[in-house]
Amino acid sequence: MEIEETKGTLENPERILEQMEPFMQLMMKYRCALMEVETKLNVLNEEFAMQHNRNPFEAIKSRIKTPTSIIEKLKRKGYELTIESIEQNLFDIAGIRVICSFQDDIYSIAKMLTSQDDIILLQEKDYIKNPKQNGYRSLHLILDIPIFLAKEKKHMKVEVQFRTIAMDFWASLEHKLKYKKNIDNPESVMLELKECADVISATDKKMQSIRDTIEKNMI
Ligand code: 0O2
């Protein structure tokens, strides 16, 4: 099914509705997949909190990519503008960001999640062990998860990004600064952002080691 960027929308409303239906269906399925993964994360959070006396997550945020950014991404990557192409080529339509307290919680929870027998880990990008050149750190997983509808079982892809509060603070500000135009000296700004990312990462490690010391000395 070809996605048309329809002009003169009021002249052919039936055509628009015809095209919208399969797209809306697909988005509904991505929303269901998000719910499945969120529930799994909440269950792990409950159990972890009980065992360790603290929550491993600071926050969980989820979003479905907007139609505009779906079309932009398909075009940018040279993919067909079809419903099938969205499913085959874009893995981040459904996205969840898990903000953790400490770096080692990221790996513990990611392992618990990907070990579940209905989840298939399709792709892993570890930007914590291998930070991007600009200093960006996060663990990105692409998961395949089944959803159960009235008449079908469907496998969906969900992107899960894990980061600490500190990494999230950096990524959020860097994202805002990226869109500032007409910067005088972009190289020096890049360098400073990278320095901030490195300081933040060192602080993350230090906080984790303080936590370890406290836990070791607890009676
Ligand atoms: P949004 O709205 O956050 O989803 P691609 O997705 O194809 O462009 P790739 O290699 O498939 O690239 O994706 P990758 O490297 O796994 O990262 C994609 C997402 O990670 C981005 O989504 C951001 O959310 C985040 N990200 C990656 N690099 C950076 C970075 O340098 N700075 C910040 N702040 N975030 C980053 P989108 O598509 O940008 O949008």
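Residues numbered from 1 in each chain as written. Predicted model: local features only at pLDDT ≥ 70, side-chain atom pairs only at ≥ 80, totals over all residues. Heavy atoms only, no water.

This brings us to the site of the ligand. Taken together, the neighbourhood of the ligand is formed by 18 residues, with Arg 63, Lys 73, Lys 77, Lys 125 and Tyr 127 sitting nearest. Here an oxygen atom of the ligand and a side-chain polar atom of Lys 73 are 2.6 Å apart. Tyr 127 places a polar side-chain atom, nitrogen or oxygen, 2.6 Å from an oxygen atom of the ligand. Summarising the interface, the protein chains cover 72% of the accessible area of the ligand, which totals 740 Å² for the free molecule. Comparing atom positions with the cavity grids shows the ligand to sit within the largest pocket. Residue assignment for the shell around the ligand shows that the elements contributing at least two residues are helix H2 (67–76) and helix H5 (165–178). (Near = heavy atom within 4 Å. Polar contact = N/O pair within 3.5 Å; in protein donor to acceptor, adjacent residues only side chain to side chain. Areas by Shrake-Rupley, 256 points an atom, 1.4 Å probe, with all protein chains shown as cover. 1 Å grid on protein atoms, 1.4 Å probe; cavity = no way out; pocket = protein on both sides within 12 Å on 5 of 7 lines; lining within 4 Å. Sits in = over half its atoms within 2 Å of the grid points. Helix = DSSP H or I, 4+ residues; strand = E, 2+ residues; numbered from the N terminus.)

With that settled, the discussion passes to the sheet that holds strand E2 (residues 94–100). Strands sit in the order E1-E2-E5-E4-E3 across an open sheet of five strands; the sheet is mixed. What marks the edges here is a single partner per strand, and that holds for strand E1 (57–64) and strand E3 (120–126). Each neighbouring strand pair of the sheet contributes to a mean axis angle of 25°, computed without reference to strand direction. As defined by bridge partners, E3 adjoins strand E4 (residues 139–148) across six bridges and the pair is classed as antiparallel. Each residue of the ladder has a partner; that of Gln 123, found in E4, is Ile 142. Contacting E1, E2 and strand E5 (153–164), H5 crosses the sheet at an angle of about 95° to E5. (Pairing = 2+ DSSP bridges. Axes fitted to C-alpha atoms, helices over the stretch in contact; angles between N-to-C directions. Contact = heavy atoms within 4.5 Å.)

At Asn 53, a position not held by glycine, the phi torsion is positive, near 65°. Looking at the element boundaries, Asn 53 is found in the loop between helix H1 (13–52) and E1.

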